[in-house]
Amino acid sequence: MKRKFPFSPFCRTCFLILACTLITESAVSQDRSPVMSVSKPNILFIFADDQSPLTLSAYGNDTCQTPNLDRLAREGMVLDGAYHMGSWSGAVCLPSRTMVQTSINVWRTQDIAKRYPRMKPATYVHQPRKLLAELAPNDPDYYSMPALFYRAGYDTYRTCKIGNTYEGANRLYLGRNDQTNYGPEDETGSWWHGEQVMNYLEEREKETKDDPFLIFFGFTHPHDPRYGKPDLLKKYGAVNDNIPTTPNPDAPDLQPNYLPAHPFHHGHPGLRDEVAVQGVLLKRDEATVRNELGREYACIENIDRQVGRVLEKLEAMGELDNTYIFYSADHGISVGRHGFMGKQNLYEHTWRVPMLIRGPGIKAGSRAQGNTYLMDLLPTFCDLIGTEIPATFDGLSFTPVLMGEKDTVRDVLYGVYNGGTKPGMRSVKKGDWKLIKYDVLDGYVRETQLFNLKVNPNEFLIQHHDPNVVAMTGIKPKPNQINLAETPAYAAKRKEMEALLLSEMIKWGDPYRLWDQPQDAHNGH
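Only a predicted model underlies this, so the values are computations on that prediction, with no experimental measurement involved.

Trainee: What is the right way to look at the packing of helix H7 (residues 190–207) against helix H10 (residues 286–317) in this model?
Mentor: Each pair of packed helices can be summarised by the angle the axes make with each other and by the distance between the axes. Running from N to C, H7 and H10 point in directions that differ by 10°, and their axes come no closer than 8 Å. Comparing the axis directions of H7 and H10 gives the class roughly parallel. Within the contact between the two elements, H7 uses Ser190, Trp191, Gly194, Glu195, Val197, Met198, Leu201, Glu202 and Glu205 and H10 uses Asn302, Ile303, Gln306, Arg309, Val310, Lys313, Leu314 and Met317. Here the residues of the contact of H7 with H10 are counted per class, giving 8 nonpolar, 4 polar and 5 charged.

Encoded structure:
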């Protein structure tokens, strides 16, 4: 298939010649591209907090209703293999969101993620143009998402939560309205974020702006506390408080890979997501988990409503078909799967992220594996708007996947959770095969898991075969749907995957080694 880039190399050359002909040097800042008569595409990046792809109908969920996100999937592309690389912090959001805005890998984010303090609304002064003018190429923020788009001639706008995000980039958006919203009311929930984007688009319409836009449209939900709106809570058989001790029959069913407890400790004592989620705490019984799923789905459907408002507005403005829309999340989440509640693990439900994309040149109803990381988003954005991809990026553009040229951008995926006791968890995936290793609690827990995801997509463990668990989930796994790490027939595959994991750890500059790895293996970074 011929590649349908919105800006081919030839077009980009013509584009620059046209700019030089029409725009005088004195008309624009020397470090920023002028607004040009050839229309560049807009980018609308919609970003949820703590959302597994398994909550969406595009990925097989038939309970949580998201008609507007379904529209993006129907009119665009769904990636089945989109991942976040992992975290060195219990606050998985922080490195994840830093990777999104800088396209550097998880270990490199340690150097910059905490350079700036959390925004304090009472004292914060937004002065992006001054900061942008002061940026030098040796500053990592020079190649951040808002800075790159600003120099490309884009109007940049952001709304999202406050905290556990990369403030170095956040302060550079020309427009910014951030607020942390966990509430059930419009002004304290997802409606507020939607309203900020609606206001921004209405202002653009009034001012008849011609420059293209980048909108970072972020939400605080479905991160806990999951205070859903009353009408949606009723729909999903859930309550925010006074959690029932017996299951509400209207609540969502347990997930196929639900467990009342994980078979061994995750290695992060006192981990907030596993002991302090409002409405859950330490409980993993059926009634509590199903209620929390109902609350989660209520929050997700409310996000979908806000997405619908914005899509309708873009359509009315005549901008929808010139806008690339990406929907994703900073990481997945467990909410009962495998006995976990949080995001500090490397099972597929948590390591993967949703990725729905609609826009010019993307075939409606298409689907691809992708094998992308969140850090691949920014180089893809650069590709789509005709901006050179900086050499500092670790991510890859997946535009060839979007345009139907390729199914994947890489063969191997690496994951890490290092926010608890060290070295932590590591994972590697190639084709249908996936390995997870745990080395935590000073060697007290040293475990290996090997899965064939084609045969065992839910990563069932032997504990999922327990008749009591089967009675709750209604799912009886097949005999071969287990962890294969200790099965003699797969000893060679385990050895192959363990070697592959070590090579990926070296490649990405992982500073740790697991108990059964050579301690003198040197990193490539």
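Right, picking up where we left off after that structure.
Trainee: What exactly am I supposed to notice about the nonpolar core here?
Mentor: If you look at soluble globular proteins, the nonpolar side chains tend to sit buried side by side. Among the nonpolar cores identified, the biggest contains 83 residues, and Phe326 and Leu356 are the most heavily contacted of them. In terms of residues, this core owes the most to one element, H10, which gives 11 residues. Discounting residues that sit within four places of it in the chain, Phe326 has contacts with Leu44, Phe45, Ile46, Met355, Leu356, Ile357, Leu377, Thr380, Phe381, Leu384, Phe398 and Leu402. Ranked by size, the runner-up nonpolar core spans 44 residues in total, among them Phe264, Phe340, Trp351 and Leu500.

Trainee: Help me understand the pairing of strand S8 (residues 323–329), please; the structure alone is not making it clear to me.
Mentor: Every other side chain in a regular strand lies on the same face of the sheet, so the side chains alternate between the two faces. Of all 7 residues in S8, 7 are buried, a share of seventy percent or more. The side-chain alternation of S8 yields two buried faces, one formed by Thr323, Ile325, Tyr327 and Ala329 and the other by Tyr324, Phe326 and Ser328. Both strand S1 (residues 42–48) and S8 contribute to a ladder of 7 bridges, which runs parallel. Opposite Ile46, over in S8, you have Tyr327 as the bridge partner. Pairing between S8 and strand S9 (residues 355–358): 4 bridges, direction antiparallel.

Trainee: Can you walk me through the sheet that holds strand S13 (residues 424–430) in this structure?
Mentor: Strands in a sheet are paired, the pairing made by backbone hydrogen bonds, and the direction either parallel or antiparallel. If you walk across this open sheet you meet the 5 strands as S4-S12-S13-S14-S15, and the pairing is mixed. With one partner strand each, in any of the chains shown, strand S4 (86–87) and strand S15 (445–452) form the two edges of the open sheet. Bridge analysis of S13 against strand S14 (residues 433–440) gives 7 bridges, and the strand direction is antiparallel. Residue Met425 lies in a different strand from S14, and its bridge partner there is Tyr438. Along the sheet, helix H15 (residues 491–507) contacts strand S12 (412–417), S13, S14 and S15; its crossing angle with S13, the most-contacted strand, is approximately 110°.

Trainee: Help me understand H10, please; the structure alone is not making it clear to me.
Mentor: An α-helical turn contains 3.6 residues, so a residue and the one three or four places further along point in the same direction. The terminal C-alpha atoms of H10 lie 47 Å apart, and with 32 residues this matches the ideal 46 Å at 1.5 Å per residue to within 8%. Among the 32 residues that make up H10, 26 are buried, leaving the element largely enclosed by the rest of the structure. At the exit of H10 stands Gly318, carrying a positive phi of roughly 75°.

Trainee: Just to check I follow, could you spell out the pairing of S9 for this structure?
Mentor: Neither face of S9 is open: one carries Met355 and Ile357, the other Leu356 and Arg358, and all of them are buried. Strand direction decides the pairing type here: strand S2 (residues 77–79) and S9, joined by 2 bridges, are antiparallel. Bridged to Met77 within S9 is Ile357.

Trainee: Sorry if this is basic, but what is going on with the packing of aromatic side chains here?
Mentor: The way to describe two aromatic rings as a pair is by their centre distance and the angle between their planes. Considering all chains together, one arrives at 20 aromatic pairs under this definition. Here Tyr83 and Trp351 contribute two aromatic rings whose centre-to-centre distance is 4.5 Å and whose plane-to-plane angle is 65°, an arrangement assigned as edge-to-face. On the criterion of sequence distance, the pair formed by Tyr83 in strand S3 (residues 82–83) and Trp351 in helix H11 (residues 348–351) is long-range, its members being 268 residues apart. Neither Tyr83 nor Trp351 differs from the other in exposure class; each is buried. Consider the rings of Phe149 and Phe381, whose centres lie 6.4 Å apart with planes at 80°: the pair is edge-to-face. Taken together, the residues Phe149 in helix H5 (residues 145–151) and Phe381 in helix H12 (residues 377–385) connect sequence positions 232 residues apart.

Trainee: Help me understand the pattern of salt bridges, please; the structure alone is not making it clear to me.
Mentor: Any two side chains of opposite charge can pair, given that their charged atoms come close. Counted according to the given criterion, the structure contains 44 salt bridges. In this structure, Asp139 and Arg115 form a salt bridge, with 3.1 Å as the shortest nitrogen-oxygen distance. Of this pair, Asp139 sits in the loop between helix H4 (128–134) and H5 while Arg115 sits in the loop between helix H3 (93–102) and H4; the two residues are 24 residues apart in sequence, bridging distant segments of the chain. The partner of Arg305 in a salt bridge is Asp231, and the shortest N-O contact between them spans 2.9 Å. In this pair, Arg305 sits in helix H10 while Asp231 sits in helix H8 (residues 230–235), placing the two residues 74 residues apart along the sequence. Residues participating in the shared-partner salt-bridge network are Asp50, Asp224, Arg272, Asp273 and Lys343.

Calculation criteria
The residue count restarts for each chain, going from 1 along the sequence in the order it is written. Local features in this predicted model are restricted to residues of pLDDT 70 or higher, and side-chain atom pairs are both shown and tallied only at a pLDDT of 80 or more, whereas totals for entire chains, interfaces and linings draw on every residue. Each side-chain value is worked out from all heavy atoms of the structure, with water and hydrogens disregarded. Between N-to-C directions, angles span 0 to 180 degrees; the directions come from axes that are lines fitted to C-alpha atoms, helices contributing only their stretch in contact. Here a strand is any run of E in DSSP of at least two residues, a helix any run of H or I of at least four, and the numbering for each starts at the N terminus. Any angle between 65 and 115 degrees counts as roughly perpendicular, while under 35 counts as roughly parallel, over 145 as roughly antiparallel, and the rest as oblique. Contact definition: two residues touch when any of their heavy atoms are within 4.5 Å. Three residue categories are used. Nonpolar comprises Ala, Val, Leu, Ile, Met, Phe, Trp, Tyr, Cys and Pro, charged comprises Asp, Glu, Lys and Arg, and polar comprises the others, including Gly. Throughout, nonpolar core names a set of buried Ala, Val, Leu, Ile, Met, Phe, Trp, Tyr and Cys residues whose side chains join them through atoms within 4.5 Å. Partly exposed residues are those whose accessible area sits between 20% and 50% of the maximum for their type, while under 20% is buried and over 50% is exposed, using a 1.4 Å probe and protein chains only. Whether two strands pair depends on DSSP finding at least two bridges between them. Each residue after the first adds 1.5 Å to the expected span of a helix. For this analysis, a ring pair means two rings from Phe, Tyr or Trp (six-membered ring only for Trp) whose centres lie within 6.5 Å, classed as stacked if their planes differ by under 30 degrees, edge-to-face if by over 60, and tilted for the remaining angles. Counted as salt bridges are all cases of a side-chain nitrogen of Lys or Arg within 4 Å of a carboxyl oxygen of Asp or Glu.

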